[in-house]
There are 2 protein chains.
Amino acid sequence: MQFSDLAMNLKASEIRELLKLTTMPEVISFAGGLPAPELFPTEQLKKVDDAILTKDGRAALQYGTTEGYDPLRKQIAARMKQAFMVDCNIDNITITSGSQQGLSMLAQIFINPGDVVLVESPTYLGAINAFKLCKPEFVEVPTDEKGVIPEELEKILAKYGDRVRMMYVIPEFQNPTGITWPVERRKAFMDIVNRYDFPVLEDDPYGELRYDGDKVPSLKSMDTKGNIIFLGSFSKILMPGLRIAWMVADPVIIDKVVKLKQAVDLQASSFGQRQTSYYIDMFDLDEHVAKIKALYKKRRDLMCESMKQYFPEGITFTYPEGGLFTWVTLPEGMDAKELMPKVLAKNVAYVPGGPFYPHGGHANHFRLNYSNMPEDRIVEGIKRLADVLKEELAK
Amino acid sequence: MQFSDLAMNLKASEIRELLKLTTMPEVISFAGGLPAPELFPTEQLKKVDDAILTKDGRAALQYGTTEGYDPLRKQIAARMKQAFMVDCNIDNITITSGSQQGLSMLAQIFINPGDVVLVESPTYLGAINAFKLCKPEFVEVPTDEKGVIPEELEKILAKYGDRVRMMYVIPEFQNPTGITWPVERRKAFMDIVNRYDFPVLEDDPYGELRYDGDKVPSLKSMDTKGNIIFLGSFSKILMPGLRIAWMVADPVIIDKVVKLKQAVDLQASSFGQRQTSYYIDMFDLDEHVAKIKALYKKRRDLMCESMKQYFPEGITFTYPEGGLFTWVTLPEGMDAKELMPKVLAKNVAYVPGGPFYPHGGHANHFRLNYSNMPEDRIVEGIKRLADVLKEELAK
């Protein structure tokens, strides 16, 4: 069997392989980016599904348009205004089968083999996997505790010039670091983007999950030239299992994405789109988001306090203002991937840091998720992790 | 905004643009490949959704594995045996977001730019659109009323040799022609495939919808070397709006597809997969398929009888033993696409034949769907179409 070059270069995403571990009930998993399932509105969804099947069952089970279910696109336009300070209408919006599909399609739309894609260093490993299919050259833009460093970005743009075809950023509660860009940083960034004119993917799956401090305006809300493509998702504020996300962009870009989506999978689920839309109509999504925030804030605090209490000296971690992740830094020379077997032997899981860098290295980091495990298991898991780390440091 | 070469070459699928027309209630549409929505099991699905949300709501709304929901994969393995005479297990099966995604991913797995893809002439236009993204050279294999002509296939294989990396066929109630390959033709085909050893995509979305004659063994059931990749779908036997389809192939191929799917959209809907699986457990899918067959048989008969009665002489059409489509041939020199405005002016729609040929031409054909319109509209639509055709022929 002869495969294509693309197929020969495919590797399994380490995060997906790790997700398989999380299905074993004995594992305390800080690995995936899974929401807390106990908050899924299962009882409300019974009413939602009954209403859909009673009022609109035939259309809900039939083929639909590639652009998406219009009432949902309208609700998203309203939410973009309310939650992200973005003015847009349905011509700026298309529905995708999860934000992962948005990442994958946008790479196809913008990248020829060898083109330069800029990413934060580190960045979301699922995005690296999606972009890789288009064979770009990845250039990592250095970051600090406030996100992308404008001066470093400008140096890279000056060096690579027109070869830069796309940049990917997560300015809000970044995956994996949990870092949020302050408003000054965003202004400086937008100034550069507007001068150099290149498309920027602003991935914002956690933007509504802020536990401290004030909302910072999204890049898209500052966008005057149509360079920002915003990716939003219901996965973290409602549920991921329906695979419903959205993209906000200039209609010229939306048009390309819709044509591509016709070829790759025709459309997102007609039923899943209506489940999302009816839920928003029949219940209070803001109230639901408030419940999620209350729980995750508690879990973030507990995880950070437990790390402070139990982790040995010399190990640092980020204190995220929102989102799902904290990023742990081990002393130089330690390798989080090599530690994995010892950690897994204690039935604890994390994601080692290396895969979040397109060019590898940076082995002395790992990512922890605090949204998915109940409180007692967070404390227990951090204790077990601390034991492994203490043993290693004592060597 | 600089787009990729792929983006610059994207065209909207004519079939999807036509689907938009079908949403206007006054149009008698024979254009899309839409199932009859009045048969969608909406009341049963209320019970299905209630059972899912009661018994397994958290997992149904959470992320799941890329391979798919295991109970559904097991049910599909059983159905492959029962309906398609194929022995397989869940390691041979993965769930896709509609068969369109299967087509798109398989092209990525097998095709480098410039590689040769063989297709029936004519073939499904959605497959042409999916494959095009990988920039193949399309070679059309001549067909007759029994499907692909083995001698012609062999000539082409001798000519293109190793450059042939994939073939795409619909041996059962073909889209667009409605033609089914008899068993002798299939044996001759498999003999060639086994001698030349290349992957063949057997797309079989309508295989269970046979109205006359006996079931013919699927190519996959005759496959001794793992060359056949079978694509099945719930879209036509249950409902398309959930976007749940499957692929049966050698585990080596499934492994590549799963890794690719991780990058392109992570997974099919957790909820949609359970809706399909619970439906099969709680109700009788065979009984449901029997209802669909009874209705579509009536509609096929009515459409074919109406064409016989009202169409002017010199126009021929296929009489399909199953599936959703009949293929109409106008006298040479007539152009079905040019006729479209006149047909649409009478609020009738079909798909002109040209787009079903990767290299175009063949303008004197159009495809008619008979599954979606109620009986009275089928007769009325064919009458209106006959009027336009008579007028044209009288010129």
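About the cut-offs
- Every chain begins its residue count from 1, and numbering advances along the sequence as written.
- As they are written, the chains are lettered A onward and the ligands numbered 1 onward, keeping that order.
- Where local features are concerned, this predicted model is filtered to residues with pLDDT of at least 70; where side-chain atom pairs are given and counted, the filter is 80 or more; whole-chain, interface and lining totals use all residues.
- Calculated side-chain values reflect all of the structure's heavy atoms, with hydrogen atoms and water omitted.
- An automatic or database domain assignment is the source of the domain bounds shown.
- Buried area is a sum: the accessible area each of two parts loses on coming together, probed at 1.4 Å, counted once for each and added.
- The salt bridge criterion pairs a side-chain nitrogen of Lys or Arg with a carboxyl oxygen of Asp or Glu, the two atoms within 4 Å.
- Secondary structure is summarised from DSSP: a helix means a run of H or I of at least four residues, a strand means a run of E of at least two, and numbering begins at the N terminus for each.
- Only Asp, Glu, Lys and Arg are considered charged, only Ala, Val, Leu, Ile, Met, Phe, Trp, Tyr, Cys and Pro nonpolar, and every remaining residue, Gly among them, polar.
- We treat two strands as partners when DSSP finds at least two bridges between them.
- The set of buried Ala, Val, Leu, Ile, Met, Phe, Trp, Tyr and Cys residues whose side-chain atoms join them within 4.5 Å is what this entry labels a nonpolar core.
- A simple rule labels every residue: compare its accessible area, found with a 1.4 Å probe on the protein chains alone, to the largest value its type can have, and call it buried under 20%, exposed over 50%, or partly exposed in between.
- For this analysis, residues touch if any pair of their heavy atoms sits within 4.5 Å.
- In this comparison the copies share one frame, found by least squares on the C-alpha atoms of residues holding pLDDT of at least 70 in both.
- Helix span is expected to be 1.5 Å times the residue number reduced by one.
- Only Phe, Tyr and Trp rings take part, Trp by its six-membered ring, and two of them pair if their centres are within 6.5 Å. Stacked means planes under 30 degrees apart, edge-to-face means over 60, and tilted covers everything else.
- Only when the NZ of Lys or the CZ of Arg is both within 6 Å of the ring centre and within 35 degrees of the ring normal is a charge said to sit over the ring.
- For helices, the fitted line uses only the C-alpha atoms of the stretch in contact; every axis is such a line through C-alpha atoms, and the angle between N-to-C directions lies from 0 to 180 degrees.
- When an angle is under 35 degrees it counts as roughly parallel; over 145 it counts as roughly antiparallel; between 65 and 115 it counts as roughly perpendicular; any other value is oblique.
- UniProt positions are given in the numbering used here, feature names are shortened, and annotations may be inferred rather than shown by experiment.
- Whenever two N or O atoms come within 3.5 Å, that pair is a polar contact, provided that in protein one can donate a hydrogen and the other can accept it, and provided that, for residues adjacent in sequence, both atoms are side-chain atoms.

## Section: the domain arrangement of chain A
Residues and elements named next belong to chain A.
- When the domains of chain A are assigned, the result is domain 1 (5-41 + 287-394) and domain 2 (42-282).
- Put simply, the middle of domain 1 and the middle of domain 2, counted by C-alpha atoms, are 24 Å apart.
- In total, domain 1 and domain 2 occlude about 3,200 Å² of area from one another, counting both sides; carbon and sulfur atoms represent 63% of this.
- Of all residues in domain 1, P41, E321 and P358 bury the most surface against domain 2, accounting for 22% of the area lost on that side.
- Run the count over domain 1 and domain 2 and you get 3 salt bridges.
- Across the salt bridge formed by E321 and R210, the nearest N and O atoms sit 2.8 Å from each other.
- Elements represented by at least two residues in the side of domain 1 that touches domain 2 include exactly helix 1 (5-8), helix 11 (285-310) and strand 11 (325-329).
- The leading source of residues in the side of domain 1 that touches domain 2 is helix 11, at 7 residues.
- Residue composition of the side of domain 1 that touches domain 2, grouped by class: 20 nonpolar, 9 polar and 6 charged.

## Some remarks on the sheet that holds strand 11 of chain A
- The strand order across the open sheet built from 4 strands is 10-11-14-13 (chain A), with neighbouring strands paired in antiparallel fashion. A single partner strand is all that each edge strand has here, and the edge strands are strand 10 (316-317) and strand 13 (351-352) of chain A.

## Comments concerning the nonpolar core
- With 141 residues, the main nonpolar core has W246(A), L368(A), W246(B) and L368(B) as its most contacted residues.
- If sequence neighbours within four positions are ignored, L368(A) has contacts with F30(A), M303(A), M307(A), L324(A), F325(A), T326(A), V328(A), Y350(A), I382(A) and L385(A).

## Some remarks on the relation of the copies chain A and chain B
- For the pair chain A and chain B, the relating rotation is 180°, the translation along its axis is 0.0 Å, and the fit reaches an RMSD of 0.0 Å. When the rotation and shift are considered jointly, the pair of chain copies conforms to a two-fold rotation axis. Of every C-alpha in chain A, the one belonging to D49(A) sits nearest the axis of rotation, 3.5 Å from it.
- Interface overlap between copies: 100% of the residues of chain A at the interface are likewise at the interface in chain B, consistent with a symmetric, same-surface contact.

## Description of helix 4 (residues 70-84) of chain A
Residues and elements named next belong to chain A.
- Between the first and last C-alpha of helix 4 there are 20 Å, a value that for 15 residues agrees with the 21 Å anticipated at 1.5 Å per step.
- Of the residues making up helix 4, those classed as buried are L72, R73, Q75, I76, A77, R79, M80, A83 and F84.
- Of the residues flanking the end of helix 4, it is M85, one or two places downstream, whose phi is positive at about 60°.

## Side note on the packing of aromatic side chains
- If you walk through the whole model with that rule in mind, you get 20 aromatic pairs over all chains.
- A ring pair is formed by F131(A) and Y168(A), whose centres lie 5.4 Å apart and whose planes are at 80°; its orientation type is edge-to-face. Here the residue F131(A) occupies a position in helix 6 (residues 125-132), and Y168(A) occupies one in strand 6 (residues 164-169), the gap between them amounting to 37 residues.
- For Y168(A), a relative accessible area of 0% translates into the label buried.
- A cation over a ring is seen here: K256(A) above F3(B), with NZ or CZ 5.3 Å from the ring centre.

## Side note on the interface of chain A and chain B
- Of the residues lining the interface, 79 residues belong to chain A; the matching set on chain B comes to 79 residues.
- Roughly 6,800 Å² is buried in total at the junction of chain A and chain B, and carbon and sulfur atoms are behind 60% of that figure.
- For the pair chain A and chain B, the interface holds 0 salt bridges.
- For the side of chain A that touches chain B, the secondary structure elements donating two or more residues are helix 1, helix 2 (14-21), helix 3 (42-61), helix 5 (99-110), helix 6, helix 9 (251-264) and helix 10 (270-282) of chain A.
- Considering each element in turn, the side of chain A that touches chain B owes the most residues, 11 residues, to helix 3 of chain A.
- Classifying every residue of the side of chain A that touches chain B gives 33 nonpolar, 28 polar and 18 charged.

## Here's the deal with the pattern of salt bridges
Residues and elements named next belong to chain A.
- The tally for this structure, following the rule as stated, stands at 56 salt bridges over all chains.
- Between R163 and E137 there is a salt bridge, with its nearest N and O atoms 2.6 Å apart. Pair noted here: R163 is in the loop between helix 7 (150-160) and strand 6 and E137 is in strand 4 (residues 137-144), with a separation of 26 residues, a long-range link.

## With respect to the sheet that holds strand 7 (residues 200-203) of chain B
Residue and element names in this part refer to chain B.
- What the 8 strands build is an open sheet, ordered 2-9-8-7-6-3-4-5; its pairing is mixed. A single partner strand is all that each edge strand has here, and the edge strands are strand 2 (93-96) and strand 5 (147-148).
- Looking at chain direction, strand 3 (residues 116-121) and strand 4 (residues 137-144) are connected through 6 bridges and run parallel. Bridging across to strand 4, V117 finds its partner in F138.
- On the sheet, helix 7 (residues 150-160) packs against strand 3, strand 4, strand 5 and strand 6 (164-169) and is oriented at approximately 160° with respect to strand 4.

## With respect to the packing of helix 9 of chain A against helix 5 (residues 99-110) of chain B
- For the pair helix 9 of chain A and helix 5 of chain B, the least separation of the axes is 7 Å and the interaxial angle reads 95°. Taken together, the axes of helix 9 of chain A and helix 5 of chain B lie roughly perpendicular to each other. Judged by residue contacts, Q262(A), A263(A) and V264(A) of helix 9 of chain A engage Q100(B), Q101(B) and S104(B) from helix 5 of chain B.
- Its residues assigned to classes, the contact of helix 9 of chain A with helix 5 of chain B shows 2 nonpolar, 4 polar and no charged.

## Quick notes on the UniProt feature "domain: Aminotransferase class I/classII large" (unreviewed entry) in chain A
- In the numbering adopted here, UniProt assigns the feature "domain: Aminotransferase class I/classII large" (unreviewed entry) to residues 44-385 of chain A.
- A distance of 38 Å separates the end C-alpha atoms of residues 44-385 of chain A, which is 44% helix and 16% strand.

## Looking at the environment of C134(A)
All names here are of chain A.
- Relative to the elements of secondary structure, C134 occurs in the loop between helix 6 and strand 4.
- Considered as a pair, C134 and V164 are 30 residues apart in the sequence and their alpha carbons are 14 Å apart.
- Beyond its immediate chain neighbours, meaning those up to four positions away, C134 contacts A107, Q108, I111, N112 and P113.

## Points about the side chain of Q100(A)
- Relative to the helices and strands, Q100(A) is located in helix 5.
- Within the local environment of Q100(A), its side chain forms a polar contact with the backbone oxygen of A263(B), the two atoms lying 2.9 Å apart.
- Leaving out residues up to four positions away in the same chain, Q100(A) has contacts with Y124(A), G126(A), A130(A), Q262(B), A263(B), V264(B), D265(B) and L266(B).

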